[in-house]
Every structure is written in C-alpha cells, then in structure tokens.
Amino acid sequence: MTSRNDALILTTSASRRGWHRLQLAAECLQKYSWNYNGPRDDRASQKMSASSPALVKGSLMHLAHAHHYIRLKARQEGTDPDDWVGPEEAVELIAQEEGVSQFAPLIQKVYRAFAERNEEADESRRILGVEQLHETMIAGKYLLTGRIDLLFEDPDGRVWVLDLKTTGRLTASHKDFYAVSGQLIGYQHLVRQTYGDRVAGMKLNLVEHGGAEPKFEHITLPRSPNLEARFVQTIIDIEESIERMEKSGRAYDDWPKAMSELICVTRYGECPFIHQCRFGAGVKPGGDWSWEG
C-alpha cells in the first residue's frame, strides 16, 4: 500500500506464496527455476512495461476495480472514501510510475462504463474485503496465500468471492475456461477457512476492452467438485515436485523443460525465458542458428 498526497493506493500485486508460483512449476519446472533460482538478470522483470499489453491492461483495470470497491467499502462503513485515491487517478499515477501511460486513457474509459453499469448491483453488496490477503497451511507444511480481488456478502448473508478478468473479446467459453482455474478454486478454498459454509461460490466480473466500446458480463462460476476435492492434494504434489528438484543437486538451468508450443508460447505471448531454454543460460540473443549456418 502506498500513498499520494495523504490518500492511499492499494497493493494489487500477487501474494508471495500464491497459485501463480505453483502454476509456474505445474506448467514447466524449468520456468519455475528460471524465475526463482536463476541469476537475477535472467529473471522475468516485474515492471509493467516488460509485460504484454494484455497483462498491462489487466493490471491497470484491476487497480481501478480495487479503488472503486475500497471507496464503496469506506462509504458503507461511514469512513471517508477520499482516504483512498480515486480509481481514475490511481490508474494515471501507477501507469506513469510504471512507464505505461499510453494505456491509461483506455482503462479510464473502460472503468467509467464499468462503474455506471455496476451502480445498482453495488448497492446490494456489503463489501467485506478488497485486495485482502488470505492464507492457510496445506498438510501442515506448505503455506498457500492469495490476494482476493473482492469479498462481499449478499442480502441473504451468503459470502461470495469475486475476481476481475479482462479480455480482448468476451466469449461463451469463459465459464468453462475459468472453471478449471487453480487460482480461483484456491481462492474459494482460502476464504472457506474463514467463512466456512457461508461461502456460496465464485463470481467473475468479465471486462472486454478490445472493441470500440467496452462490454461487461457478470457470471457465477460453475462448480468443479472433482477439482475442488483434489485441490489440497494438487498443492502437495506440486510442492513435492519442487522439493524433489531442489534436493536433486541439478543446476538451476537443468530442470525439466516442458518443450511445448502450448506452454512456451501462450495467449499472452512467449514465455519470458524462451531464449534461455532454446540457446542456454548466458547466451545473448543474435547469431545464426539456422541449419545452414
């Protein structure tokens, strides 16, 4: 959490032992090792300016979303919402700080449309937490953390976990796509440690920013009971695979590699370590690597 002229700006970054870390290892143990064990110069940059445009837009929209709801929470609790920077100002300030100011006008426009659309729904929600950190121990030895976008109570007293997702285009497949997300299944697991059976499920605010005008969809995520039942064991399996490699004595650049065009190149672009995997640690870009070279 930071401040600007005595008004606060929320932290919306990933938590320290969250699903992102585990997903890296599940996708590719070498990707995990590059990121956590490799020389600092080889690690993925944490600056927004080093991310793909899609990820930058998503990060800035998350920031606007968070400030929208933290100010609503303040109004509900009778405190001053102006203790928090306004959503559009927060986007402008962080975009400038991160060197991605070119994206701020688009996200501010999308946010204004989002706020207008959600005004009625917001009145029926009691905000319990915004960008709130939750944590639990898995099998008594593995810390799992998660920073929850939004936690709210509906008029019937049910607790809902809500996550914001941005996309260039809304499609009917988003429900199925996110229903298998370990991140979102993990969020529900974490919140149940506090609220138990009051947790009704997971909702998504889907935001399309790729068209001439923004579009929105608010959905309840379908259950994945088999994945939910096996979530804890999945965490244990991934953590044990990391431990096994750490105890193996193998060099940081000699961990198992996925070697998959579906993992090495994703919908967000190339893996940030694709060059190291193709040519080796410490080999600089350039040179003739063709068969004829």
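The structure this text deals with has already been given above.
Predicted, not measured: the structure shown is a model, and the values here were computed from it. (Residues numbered from 1 in each chain as written. Predicted model: local features only at pLDDT ≥ 70, side-chain atom pairs only at ≥ 80, totals over all residues. Heavy atoms only, no water.)

Asks: I would appreciate a short explanation of the overall build of the chain in the present structure.
Replies: When helices and strands are counted, the chain shows 10 helices and 9 strands. Taken along its principal axes, the extent of the C-alpha atoms in the chain is 65 × 45 × 40 Å. Put simply, the chain has 293 residues, and 46% of those count as buried. Partitioning the contacts of the chain with sequence separation of at least 6, the portion at a separation of at least 24 is 68%. Summing over all exposed atoms, the chain offers an accessible surface of approximately 15,700 Å²; the carbon and sulfur share of this is 48%. The positive charge centre, built from 36 side chains, and the negative charge centre, built from 42, are 4 Å apart in the chain. (Helix = DSSP H or I, 4+ residues; strand = E, 2+ residues; numbered from the N terminus. Buried < 20%, exposed > 50% of the residue type's maximum accessible area, 1.4 Å probe, protein only. Contact = heavy atoms within 4.5 Å. Areas by Shrake-Rupley, 256 points an atom, 1.4 Å probe, with all protein chains shown as cover. Lys, Arg positive; Asp, Glu negative; His and termini not counted. Charge placed at Lys NZ, Arg CZ, Asp CG, Glu CD.)

Asks: What is the right way to look at the pairing of strand β5 (residues 159-167) in this model?
Replies: For a regular strand, side-chain orientation follows a simple rule: the groups alternate between the two sheet faces. Most of β5 sits out of view: 9 of its 9 residues are buried. Side chains Val 159, Val 161, Asp 163, Lys 165 and Thr 167 of β5 all project onto a buried face; the interleaved residues Trp 160, Leu 162, Leu 164 and Thr 166 project onto the opposite face, where all are buried too. As defined by bridge partners, strand β4 (residues 142-153) adjoins β5 across 4 bridges and the pair is classed as antiparallel. When the bridges of β5 are listed, Phe 152 appears paired with Trp 160. In this structure, the hairpin formed by β4 and β5 is closed by a connection of 5 residues, where Gly 157 is found at a positive phi of approximately 85°. Sheet topology note: the β5/strand β6 (residues 199-208) ladder contains 9 bridges and is parallel. Each residue of the ladder has a partner; that of Thr 167, found in β6, is Glu 208. (Pairing = 2+ DSSP bridges.)

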